[in-house]
Each structure stands twice: as C-alpha cells, then as structure tokens.
Amino acid sequence: TTNLGFIYRLRSNLPKHILFTLYNSIVPPYFTYCISIWGFSTKSNNRILNLCQNYFIRILFNLTKFDHVSNYFAISNILKVNQLHILFTLMFFYKLFILNYCPSLRQQFNKLINNCSIVLRNNPDFYFTKPRTNFIINSVFNVSCRLWEL
C-alpha cells in the first residue's frame, strides 16, 4: 500500500500511461510471487489484495471511494487477484503435465492418482494431514484439474 500511496501522490503530475507503467512495475510482482500457492488462502486474505487493486483503479481513473471499479479492470486490461490465481495455477499445471518440466513431481502426482483408494498414512512418499477444511479439495492439483477440465 505504500507503493500505491506513492502513485497516489504523483497522480496529478503524471499522465495516465506513466501511472499505469509505475503500477505494472511496482505492484504486480507482489501479487504474482507464489500466487499458485498463497492464492488458496482465505477469502479475507485475498480481499486485502483486491482492495489494493481497487484503490489503484480509483487512482488511475480519478474515481471516488464509492465508485464501482469492475468495468475499469477491463478497460485497463488488469487481471483481478482471483483471475491471476487461476492463470498462474493453469500455467503451473501446463508446465508440469504438458511440458513435463519436473518429471519427479509428475510421477508423485501420478502415484497419488493411481493409489487414491489406498490409505497413504504409512507410505513414506506421502504425508497428508487430516483435512479439517477444504484443503485437499482446494489444493493446486485438484483445482488445476477442475480448471483444465480433465
């Protein structure tokens, strides 16, 4: 948010395309770093990032605090945090299974798929904690499969 405050102070002195370039060079690296992992975090954590993105859109288009920003994301070609999460999760899945970047990880996933009916508690290759939430359902692999429609 300090970077957005910096952009906010410069908004009257700089044209819109330079503000947009500043945003793209400063803010998205924070969003995209390990997003395929932390994107499965709680909604309240992701909401904070959505608020930061909305704040920038309001700066860029000189909107008031209560103006809706949904249409402005499309105008400025900025992906929302949940869309970035889906994109990077699918890119991870594509690299893993289609391009075969990491064969050992792919073998682990294949073992998991083939042995899904076997209890993996005593297997040294896998250790899963007992899910108390939708952790397994929302794992990178399961979400990637659902998104890829396999």
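Conventions we followed
- Residues numbered from 1 in each chain as written.
- Predicted model: local features only at pLDDT ≥ 70, side-chain atom pairs only at ≥ 80, totals over all residues.
- Heavy atoms only, no water.
- Axes fitted to C-alpha atoms, helices over the stretch in contact; angles between N-to-C directions.
- Helix = DSSP H or I, 4+ residues; strand = E, 2+ residues; numbered from the N terminus.
- Parallel < 35°, antiparallel > 145°, perpendicular 65-115°, else oblique.
- Contact = heavy atoms within 4.5 Å.
- Nonpolar A, V, L, I, M, F, W, Y, C, P; charged D, E, K, R; others polar.
- Buried < 20%, exposed > 50% of the residue type's maximum accessible area, 1.4 Å probe, protein only.
- Phe/Tyr/Trp six-rings, centres within 6.5 Å; stacked < 30°, edge-to-face > 60°.
- Arc of directions from axis to C-beta.

1. Remarks on the packing of helix α1 (residues 2-10) against helix α5 (residues 43-60)
The contact between α1 and α5 brings their axes to 10 Å, and the two run at 10°. Between α1 and α5, the angle falls in the class roughly parallel. Two secondary-structure elements touch here, α1 through Leu 4, Ile 7 and Tyr 8 and α5 through Cys 52, Tyr 55, Phe 56 and Ile 59. Here the contact of α1 with α5 is composed, by residue class, of seven nonpolar, no polar and no charged.

2. Digging into the side chain of Ser 76
With respect to the helices and strands, Ser 76 occurs in helix α6 (residues 70-76). Taking the relative accessible area as the measure of exposure, Ser 76 reaches 9% and is therefore buried. Each residue touching Ser 76, except ones within four places of it in the same chain, is listed here: Phe 20, Ile 57, Leu 60 and Phe 61.

3. A short note on the packing of aromatic side chains
The tally for this structure, following the rule as stated, stands at three aromatic pairs. Measuring from ring centre to ring centre gives 6.2 Å for Tyr 8 and Tyr 55, while their planes differ by 25°; the resulting arrangement is stacked. Highlighted residues: Tyr 8 in helix α1 and Tyr 55 in helix α5, separated in sequence by 47 residues. When its relative accessible area of 36% is taken as the criterion, Tyr 8 is described as partly exposed. For Tyr 55, a relative accessible area of 34% puts it in the partly exposed group. A ring pair is formed by Phe 61 and Tyr 72, whose centres lie 4.8 Å apart and whose planes are at 40°; its orientation type is tilted.

4. Some remarks on α1
Here α1 has its buried residues at Leu 4, Gly 5 and Ile 7. Looking down the long axis of α1, one finds its buried residues gathered within 160° of arc, a one-sided arrangement. Away from its buried face, by an angle of more than 90 degrees, α1 presents the exposed residues Thr 2 and Arg 9. Next to the buried residues of α1 lie α2 (16-26) and α5.

Keep in mind these numbers describe shape, not what the thing actually does.
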